[in-house]
There are 2 protein chains.
Amino acid sequence: MKEGQKIRRVKLAGMGRALAEGALVFDGQTRYRLRQGETLLDLAQLAAERALAAAGKEIQDMDCIVCAMATPLQAIPCNAALLHERMARGTGIPAMDINTTCTSFISALDMLSYPVEAGRYDNVLIVSGDTASAALNPLQEESYSLFSDGAAACVLTRAEAQEDSGILYSCQKTWSEGAHDTEIRGGGGLLPAFFLREENREDYCFDMKGVRILRLCARKLPGFVESCLKEAGVCREEISLVIPHQASKALKVIMPRLGFQEGEYIDRVSEYGNMVSASVPYALCQAVEEGKVKRGDRLLLMGTAAGLTVNFMLLVF
Amino acid sequence: MKEGQKIRRVKLAGMGRALAEGALVFDGQTRYRLRQGETLLDLAQLAAERALAAAGKEIQDMDCIVCAMATPLQAIPCNAALLHERMARGTGIPAMDINTTCTSFISALDMLSYPVEAGRYDNVLIVSGDTASAALNPLQEESYSLFSDGAAACVLTRAEAQEDSGILYSCQKTWSEGAHDTEIRGGGGLLPAFFLREENREDYCFDMKGVRILRLCARKLPGFVESCLKEAGVCREEISLVIPHQASKALKVIMPRLGFQEGEYIDRVSEYGNMVSASVPYALCQAVEEGKVKRGDRLLLMGTAAGLTVNFMLLVF
């Protein structure tokens, strides 16, 4: 294994999830969308409270609150400060955002595992979730019918001496040839809200160039997965379950090309669609609740994100 | 010293900075603003290239590109992916955003020091910068005349065995009682660009409640600084120079209350104003260039950020 990739002895001590209460049906498939008056903070708080309960912890036990989300709730302050206001007001728990768009949860888990293992933090609350519905373009049917609003969270702790849990290997790559294949061009500093007009309205909407993304993924992903497995010194047969980002129905096409067959990975795209940063932790949380994942199982979290960013993380749950 | 706070043997191998080319003068003080056609990506790239040159490195040597900025350039993808497109297209260097608003640079340095020390990454490029000018409210004079657009960057590496460089101690706290004292309410998922009207235009502008922030800082900061110094086991006399966030002209009032007198800390608010996330690294970079900071000096980076977040980091340069 590559230097710097010794096992990090951390554990997902508890997870939680929450789904928007509104719903739309496209071609027989339900997509969950915030109902009137509901906000992503409601979902994030609910998921976080459930994660804390599952871990047997209180918010006061947390040493850091990380929002690992793809999109800002406000331009300022960071999302974690706004969630902190809901859950941790009056405490001094540090709040921070980590963002690699759709794979933000894996990146945050990856980065925070180091200070947790080093003893800086004992317990970290990581919360993912996005409101894709805030910026979907009804004219772009492929993306409009794909996304659900949801949130998921975990409590990250150090593993005890007698526990097997840990991160065996992780790797992220970004290929910015794909930086504009998935984007919302407007709303930030480059094209502020003030410049929104009827004629550039689409610049403020989610824009996905599905075919371009698939082509870049097909070119990059097989080699990436192969090199990760090799560096980790792990073969596919040793992996109990793969939890991929639920990017789109193309999951069924891509996963076999990466050497993972139906049943070896979670695919709930038809049930929930793509939940942006919440997809991976939501699917993992649900698999844990349904008994599909047990302590000691060797899991692979992986996914593609706008950027184009890809993440690969092997962990013992 | 608290467990988990042993020295992290990392080094700021090189720094760079860049200032917007436009300028406005308020009451005799210059504020730098992006000129027509200039974007924050131009400044970020320039600062990053200068940091690489100062470190004697190429972009290909970097193992991770982190944008530590307060505001998004686009709603999707993350800022680091957009900077990656400018500087690292064709490479697979991972790109990631870390955001605690104004103190994002200190937070990113803090978090990335762990994987660097652990051997996961050898070289990390951290880039800060914001376009406050994109959302300033001309009707709020206090903030309108305060901000400059700028960027600053550093290359973070492991320190060699014979070098003294390292992070001695770091601490972040967030008190979300202040979550709405500094904010831009609109432009994100909670109040999307589509809802901008003439009558709620101010919701999309930077909004700073100066007196409330000062009151919260006065209540929280002295105890925070005292407890950090105590946990670090360092007294003020052992610190060569303090590099505070250049929040406002109130710096002159607050720093003495924290036990730091004029000359012991950098104050260039009258020259540059507040550069949001770029303030701390810009001031540090400039101090290095001017010979005010040398290898082996014991520095304190600190600041307040929207959240309200505060960061404190003691390092041997």
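On a predicted model such as this, the values are computed, not experimentally measured, just so you know.

What counts, and where the lines are drawn
- Residues numbered from 1 in each chain as written.
- Chains lettered and ligands numbered in written order.
- Predicted model: local features only at pLDDT ≥ 70, side-chain atom pairs only at ≥ 80, totals over all residues.
- Heavy atoms only, no water.
- Helix = DSSP H or I, 4+ residues; strand = E, 2+ residues; numbered from the N terminus.
- Least-squares fit on C-alpha atoms with pLDDT ≥ 70 in both.
- Contact = heavy atoms within 4.5 Å.
- Buried area = accessible area lost by both parts, 1.4 Å probe.
- Salt bridge = Lys/Arg side-chain N within 4 Å of Asp/Glu carboxyl O.
- Polar contact = N/O pair within 3.5 Å; in protein donor to acceptor, adjacent residues only side chain to side chain.
- Phe/Tyr/Trp six-rings, centres within 6.5 Å; stacked < 30°, edge-to-face > 60°.
- Buried < 20%, exposed > 50% of the residue type's maximum accessible area, 1.4 Å probe, protein only.
- Lys NZ or Arg CZ within 6 Å of the ring centre and 35° of its normal.
- Pairing = 2+ DSSP bridges.
- Axes fitted to C-alpha atoms, helices over the stretch in contact; angles between N-to-C directions.
- Core = buried A, V, L, I, M, F, W, Y, C linked by side-chain atoms within 4.5 Å.

(A) How the structure looks around unusual backbone geometry. Residue and element names in this part refer to chain A. Residue Leu308 is reached from Gly307 by a cis peptide bond, and omega for that bond is -15°. Examined against the element boundaries, Leu308 turns out to sit in the loop between strand 12 (298–305) and strand 13 (309–316). For Val276, which is not a glycine, the phi torsion comes out positive at approximately 55°. Residue placement: Val276 occurs in the loop between helix 7 (269–272) and helix 8 (279–289).

(B) Here's a closer look at the relation of the copies chain B and chain A. Superposition record for chain B on chain A: RMSD 0.0 Å, screw rotation 180°, translation along axis 0.0 Å. Considering both components of the superposition, the chain copies are consistent with a two-fold axis.

(C) Quick look at the interface of chain B and chain A. Taken together, the contact between chain B and chain A spans 77 residues of the former and 77 residues of the latter. Taking both sides of the interface into account, the surface hidden between chain B and chain A amounts to around 6200 Å²; carbon and sulfur atoms contribute 62%. By the criterion of area lost to chain A, the three top residues of chain B are Ile76(B), Arg120(B) and Phe194(B), representing 14% of everything that side buries. Linking chain B to chain A there are 2 salt bridges. The closest approach of N and O atoms between Asp110(A) and Arg120(B), which form a salt bridge, is 2.8 Å. Applying the counting rule to chain B against chain A returns 34 residue pairs in polar contact (both at pLDDT 80 or more). Among the elements of the structure, helix 2 (79–87), strand 5 (95–99), helix 3 (104–117), strand 8 (166–174) and strand 9 (182–183) of chain B are those that each provide at least two residues to the side of chain B that touches chain A.

(D) Main features of the packing of aromatic side chains. Counted under the stated rule, the structure contains 14 aromatic pairs over all chains. Seen in terms of ring centroids, Trp175(A) and Phe224(A) are 6.0 Å apart; in terms of plane orientation they differ by 90°. Their pairing is edge-to-face. Separated by 49 residues along the polypeptide, Trp175(A) in the loop between strand 8 (166–174) and strand 9 (182–183) and Phe224(A) in helix 5 (residues 210–232) bring together distant segments of the chain. Across the pair, Phe224(A) and Trp175(A) agree in class, each one buried. Ring centres 6.3 Å apart and planes at 90° place the aromatic pair Phe224(B) and Phe312(B) in the edge-to-face group. Here the residue Phe224(B) occupies a position in helix 5 (residues 210–232), and Phe312(B) occupies one in strand 13 (residues 309–316), the gap between them amounting to 88 residues. Put simply, the rings of Tyr169(A), Trp175(A), Phe224(A) and Phe312(A) touch in pairs and so form one group of aromatic residues. Above the face of the Phe317(A) ring, Arg295(A) is positioned so that its terminal group lies 4.3 Å from the ring centre. One residue, Arg33(B), lies across the ring of Tyr144(B), its end atom 5.4 Å from the ring centre.

(E) How the structure looks around the sheet that holds strand 1 (residues 10–19) of chain B. The 10 strands are arranged 1(A)-7(A)-6(A)-4(A)-5(A)-5(B)-4(B)-6(B)-7(B)-1(B) in an open sheet whose pairing can be described as mixed. Each edge of the sheet is formed by a strand with only one pairing partner; in this case those strands are strand 1 (10–19) of chain A together with strand 1 of chain B. Between one strand and the next, the sheet's axes are offset by a mean angle of 20°, whatever the strand orientation. Two elements, strand 4 (residues 64–67) of chain A and strand 6 (residues 123–130) of chain A, share 4 bridges in a ladder whose sense is parallel. Considered in strand 6 of chain A, the bridge of Ile65(A) is made with Leu125(A). Contacts between helix 8 (residues 279–289) of chain B and the sheet are confined to strand 1, strand 6 (123–130) and strand 7 (150–158) of chain B, with strand 1 of chain B contributing the most and set at about 100° to the helix.

(F) Molecular detail of the pattern of salt bridges. All names here are of chain A. Scanning the model with the defined rule gives 42 salt bridges over all chains in all. Ionic pairing is found between Arg298 and Glu238, a salt bridge with its closest N-O pair at 3.8 Å. Taken together, the positions of Arg298 in strand 12 and Glu238 in the loop between helix 5 and strand 11 (241–244) put the pair 60 residues apart, joining distant regions of the chain. With a relative accessible area of 37%, Glu238 lands in the partly exposed category. Through salt bridges with shared partners, a single ionic network connects Glu183, Arg185, Asp203, Asp207 and Lys209.

(G) Structural context of the nonpolar core. With 70 residues, the main nonpolar core has Leu12(A), Leu109(A), Ile126(A), Leu12(B), Leu109(B) and Ile126(B) as its most contacted residues. Apart from the residues within four sequence positions on either side, Leu109(A) is in contact with Leu12(A), Ile126(A), Cys154(A), Leu156(A), Ile167(A), Leu301(A), Met313(A) and Leu315(A). Judged by nonpolar contacts, the second largest core, of 45 residues, contains Met208(A), Ile254(A), Leu258(A) and Tyr265(A).

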